[in-house]
Amino acid sequence: MKKEKEKILIIALPGLGDALMSTPMLALLRKAKPDAEIHALVMFAATRELFLANPNIDHIHFFDFINGNKLEGFFYLLHIRKLSFDVSINIYPENRGEYNLFSYFLGAKKRIGVHYGHRNWQNLNWLNTDLIFEDDASHCVEENVRLLSALGIQPELKEETLPNLELHLLPEHVAFADEWMKKNSSHESRTTNQMLIGFHAGTALFKNHIRRRWAPEKFAELAKRLKHELGATIFLFGGPDDIEPNEIIMKLAGDSIIEVKTKSILDSVAIMKKMSLFVSNDSALMHIAGALDLPTVAIFGPTNETYVHPWKTRYEIVQTGIECRPCFYYSPKPLTCYRSPEEHFLCMRNIEVDMVFDKVLSMIR
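Heads up: these notes are all about the structure in this document. The shown structure was predicted, so the numbers you read here are calculated from the model rather than taken from an experiment.

**Looking at the overall build of the chain**
A tally of regular secondary structure across the chain gives 15 helices and 12 strands. Here the chain has a C-alpha radius of gyration of 21 Å; the compact-globule value for 365 residues is 21 Å, and the two agree. Within the chain, the fraction of its 365 residues that count as buried is 55%. Of all intrachain contacts in the chain linking residues separated by at least 6 positions in sequence, the fraction that spans at least 24 positions is 65%. Counting every atom, the chain has about 16500 Å² of accessible surface; 53% of that belongs to carbon and sulfur. The positive charge centre, built from 42 side chains, and the negative charge centre, built from 46, are 3 Å apart in the chain.

**Things to note about helix H10 (residues 243–253)**
Burial in H10 covers these residues: Pro245, Asn246, Ile249 and Ala253. Taken end-on, H10 shows its buried residues confined to a sector of 100°, consistent with a single buried face. Residues Glu244, Glu247 and Lys251 are exposed on H10 and point more than 90 degrees away from its buried face. Next to the buried residues of H10 lie helix H9 (216–230), strand S8 (233–237) and strand S9 (257–259). Phi for Gly254, located one or two positions after H10, is positive at around 60°.

**Things to note about the nonpolar core**
Ranked by internal contacts, the top residues of the largest apolar core, which has 102 residues, are Ile10, Ile89, Ile197, Phe199, Val279 and Ile288. Residue contacts for Ile10: discarding those within four places in its chain leaves Met25, Leu26, Leu29, Ile38, His39, Ala40, Leu41, Ile89 and Ile91. Formed by 14 residues, the second largest nonpolar core is a distinct cluster that contains Phe63, Phe65, Leu77 and Leu106.

**Some words on the pattern of salt bridges**
This structure, assessed with the given rule, holds 18 salt bridges. We note a salt bridge from Lys33 to Glu6, for which the minimum N-O separation is 3.0 Å. With Lys33 in the loop between helix H2 (23–32) and strand S2 (37–42) and Glu6 in the segment before strand S1 (7–11), the pair connects residues that are 27 residues apart, well separated along the chain. Here Lys227 makes a salt bridge to Asp255, at a shortest N to O gap of 3.9 Å. Pair noted here: Lys227 is in helix H9 and Asp255 is in the loop between H10 and S9, with a separation of 28 residues, a long-range link. The class for Lys227 is partly exposed, based on a relative accessible area of 29%.

Analysis parameters
- Residues numbered from 1 in each chain as written.
- Predicted model: local features only at pLDDT ≥ 70, side-chain atom pairs only at ≥ 80, totals over all residues.
- Heavy atoms only, no water.
- Helix = DSSP H or I, 4+ residues; strand = E, 2+ residues; numbered from the N terminus.
- Rg over C-alpha atoms; globule rule 2.2 N^0.38 Å.
- Buried < 20%, exposed > 50% of the residue type's maximum accessible area, 1.4 Å probe, protein only.
- Contact = heavy atoms within 4.5 Å.
- Areas by Shrake-Rupley, 256 points an atom, 1.4 Å probe, with all protein chains shown as cover.
- Lys, Arg positive; Asp, Glu negative; His and termini not counted.
- Charge placed at Lys NZ, Arg CZ, Asp CG, Glu CD.
- Arc of directions from axis to C-beta.
- Core = buried A, V, L, I, M, F, W, Y, C linked by side-chain atoms within 4.5 Å.
- Salt bridge = Lys/Arg side-chain N within 4 Å of Asp/Glu carboxyl O.

Dropping the structure here:
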């Protein structure tokens, strides 16, 4: 009788950046279990697109559990449950109890997750069969890799020896970017060594993470300085959640900046790949820049660069050094500031244009 393949479900319900930081773990899992059948469950279209070309995933299951019909979502989970997985892995950070309820309902014999250091009781982690303890000194990539220890897979946890973030562009994405650049950028910027700098002024919106955004007015001022002092061409990236800050930047920066609008995240990524440098808030596009090995200037407020600095690329962190930062940790609660109301989120508000400009200079010298 032919032995059935081991079936492993990767539950990757957080946003694009978190999903991208699970790709080194996926590469190591595939290497250790080449014959396993690896599935991924996602709820964001951008994550589905990211995973579609990943050779370490055999099947992708996608349902919009936030905006979709709840009854349809239940039957979708019931369909996945009938696939009878041997193992499920909740990627890090999936620190909401709902994700562990999903994992429990999907019924894998072995359910792997993280025991969180903060508000773990809200996470329903007792629904898992195997837990690793959260390590505040580790990058999210390393935490994801540590999940594999529950399967007896224990690679060396050093950034220099772990895999890169994995992001695959298809030929059609590359062709789109070539054509887009011809239509939207100057002949000079395409045919000379003129510096191309990408901006991302957005972040996710859930759990008050809009507070991780540097002021769009300052992005606009930075764009004008980079153009006038360095002769750079500035490209502004973003998705549906970033319309408001992008509109402000475009209004204030005028002809100093070119806005990138595409229908596909991987089309945008293909354009990003043409940049010389990327300036970004702590966001999914910051991690994409890392996956593309783009030198990156990353602007950090309350979040912790130890967890989420750009992975395996050259980078500079801009932060204020204010004594209360970083204050963010992974828990179900929204991002809050404990300073007095007039000092709320000084960690972001006190970052000046000169500070970011100087980091850009240090990256190009």
